[in-house]
Amino acid sequence: MKNYLRSAAFVSALWAAPGGIAQTAAMVKYHATINDVKYVYGPASPVAHLKSGETLDTNTLDCFGNALKAPGDTLSMAKGDNPLTGPFYVDGAAPGDTLAIKILDLQVDGDTGIGAFAPGFGALNETNYTPMLHPPLPEKIWFYPINHADHTALFKALDSDFTVKIPLHPFFGCIGVAPANGEVRSSVVPAEFGGNMDAPEASVGNTVYLPVNVAGGLLYIGDGHAAMGDGEVAGTAIEVPLHARIEVTVIKGQTIKWPRFENETAIMALGAYRPLDDCLRIAFTELVAWIHQDYGLSELDAYELLSKVAKIHLDEMVDPNYVVVASIEKRYLPEKKK
């Protein structure tokens, strides 16, 4: 579904319309609403097509579908969890390729963020694997005023008059592609195809690499975060809608098994699984393979080097699969193979 537009006025009008799509020579614009978001990764009619190398200008809703507006609102007002903008069909992408998504700009698209915990959710709640006798924690919701001038969000305690400013670090909580074999996966569970990774690495200046499992890749984004602590322990970040610009490129013939991140100074590999030790093993196995393939070190040399200089980021441990990112700074690596 594409429109090649010549009139600037027509572009503006279409961008303003719900579900609007505009396409110029190097940029595609798409505007998502609560009426056209998705709640799963999988086969679906694309909302727009992208050519490799084109820039996408679009928006995402917060994880509650922008439903919570003021004190007194409840989580039951949300239509679902983590509404996704997309999917976007990337022309020429085929199974076995890789999508490179360079994040050019992310802006908090509103003046208020949301934090909440729900009964049975969060790192300090019981689970099916660790049942407890105490009652679940009650539902609570915090509203975070966003100060665009100084790029902060204000935490206001509910049970005292304490406040503190938190620096903004906008990123996609959800970014992923359609899984293989026609599977449909929840927008809540991260896995090999990406998804709800809650990875602060999915931020401006970084490139996200995702495996292509189906024709066109079918890229989804959503679950904007303004800031988040390691582990996302209470179950939410500062949840916000985002206005985003990303550049999407197809890397033909490069196959990866799990999502990766890269910037000017480091390469990062992700694992998403339970228990946490298996999650870490996935991330490091992928990082060893990346160093071996692209930088020429043997697997054992890469393994030994990582034992001395690698870094680990526990992104989240609240979703059905936990997420760990293992990284190494490029200054410790040989020159990349050509």
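Scoring rules and cut-offs
- Residues numbered from 1 in each chain as written.
- Predicted model: local features only at pLDDT ≥ 70, side-chain atom pairs only at ≥ 80, totals over all residues.
- Heavy atoms only, no water.
- Core = buried A, V, L, I, M, F, W, Y, C linked by side-chain atoms within 4.5 Å.
- Buried < 20%, exposed > 50% of the residue type's maximum accessible area, 1.4 Å probe, protein only.
- Contact = heavy atoms within 4.5 Å.
- Helix = DSSP H or I, 4+ residues; strand = E, 2+ residues; numbered from the N terminus.
- Polar contact = N/O pair within 3.5 Å; in protein donor to acceptor, adjacent residues only side chain to side chain.
- pLDDT = per-residue confidence, 0-100.
- Salt bridge = Lys/Arg side-chain N within 4 Å of Asp/Glu carboxyl O.
- Phe/Tyr/Trp six-rings, centres within 6.5 Å; stacked < 30°, edge-to-face > 60°.
- Pairing = 2+ DSSP bridges.
- Axes fitted to C-alpha atoms, helices over the stretch in contact; angles between N-to-C directions.
- Parallel < 35°, antiparallel > 145°, perpendicular 65-115°, else oblique.
- Left-handed = near helix turned anticlockwise from the far one by under 90°.
- Nonpolar A, V, L, I, M, F, W, Y, C, P; charged D, E, K, R; others polar.

## Thoughts on the nonpolar core
Residues L99, I101, F172, I175, L219 and F261 are the most contacted members of the largest nonpolar core, which totals 58 residues. When neighbours within four sequence positions are excluded, F172 is seen to be in contact with T60, I103, L106, A199, A202, I221, G222, D223, L242, A244 and I246. Listed in part, the 21 residues of the second largest apolar core include Y209, C279, W290 and L333.

## Quick look at unusual backbone geometry
The amide bond that connects G86 to the next residue, P87, takes the cis arrangement and shows omega of 5°. Omega for the bond connecting R274 with P275 falls within 30 degrees of zero, at 0°, which places this linkage in the cis form. By the secondary structure assignment, P275 is in the loop between β19 (266-273) and α2 (276-295). Even without glycine at this site, H151 takes up a positive phi of about 60°.

## Topic: the side chain of T152
Tracing the backbone shows T152 in strand β10 (residues 152-156). According to the relative accessible area criterion, T152 is buried, its value standing at 11%. Side chain to side chain, T152 and D150 meet in a polar contact 2.6 Å long. For T152, the residues in contact, after removing those within four places along its chain, are P145, I146, N147, K165, I166, P167 and L168.

## Let's talk about the confidence of the model for the protein
Of the residues in the protein, 93% have a pLDDT of 70 or more, and the chain-wide mean is 92. Within the model, the stretch residues 1-18 combines pLDDT values under 50 with 34 contacts to residues more than four positions away or in other chains.

## Details of the pattern of salt bridges
If the charged atoms of two oppositely charged side chains come close together, the side chains can form a pair. Scanning all chains against the criterion turns up ten salt bridges. For the salt bridge of R331 with E329, the shortest nitrogen-to-oxygen distance reads 2.5 Å. One network of salt bridges, in which partners are shared, links D277, D278 and R281.

## Regarding the packing of aromatic side chains
Scanning all chains against the criterion turns up seven aromatic pairs. For the ring pair Y41 and Y220, a centre distance of 5.3 Å and an interplane angle of 75° mean the geometry is edge-to-face. Placement of the pair is Y41 in strand β3 (residues 40-41) and Y220 in strand β16 (residues 219-225), with a sequence separation of 179 residues. There is no split in this pair, since Y41 and Y220 are both buried. A connected cluster of aromatic rings, assembled from ring pairs, spans Y41, F193 and Y220.

## Let's talk about the sheet that holds strand β8 (residues 112-117)
Spatial ordering of the open sheet is given by β8-β9-β10-β11, a layout of four strands whose pairing is antiparallel. Each end of this open sheet is capped by a strand with a single partner; those strands are β8 and β11 (163-167). Across the sheet, the mean angle separating the axes of adjacent strands is 30° when strand polarity is ignored. Where β10 lies against β11, five bridges are found, and the strand directions are antiparallel. In the sheet register, K156 faces β11, and the bridge partner there is T163.

## Some details on the packing of α2 against helix α3 (residues 299-309)
At a closest axis distance of 9 Å, the pairing of α2 and α3 adopts a crossing angle of 125°. With respect to each other, α2 and α3 are oriented oblique. Judged by the sense of rotation from one axis to the other, the crossing of α2 with α3 is right-handed. Every residue of α3 that contacts α2 at F284, L287, V288, I291 and H292 is listed here: E299, A302, Y303 and L306. Broken down by class, the residue content of the contact of α2 with α3 amounts to seven nonpolar, one polar and one charged.

## Details of the side chain of N82
Locating N82 in the fold gives a position in the loop between β5 (54-60) and β6 (84-90). Of note is the side chain of N82, whose polar atom sits 3.4 Å from the side chain of N196. Filtering out sequence-adjacent residues up to four positions away, N82 remains in contact with K38, Y39, C63, C174, S187, V188, N196 and D223.

## Some points on the environment of G229
Here G229 shows up in the loop between β16 and β17 (242-251). In this structure the C-alpha to C-alpha distance between G229 and G296, which are 67 residues apart in sequence, comes to 35 Å.

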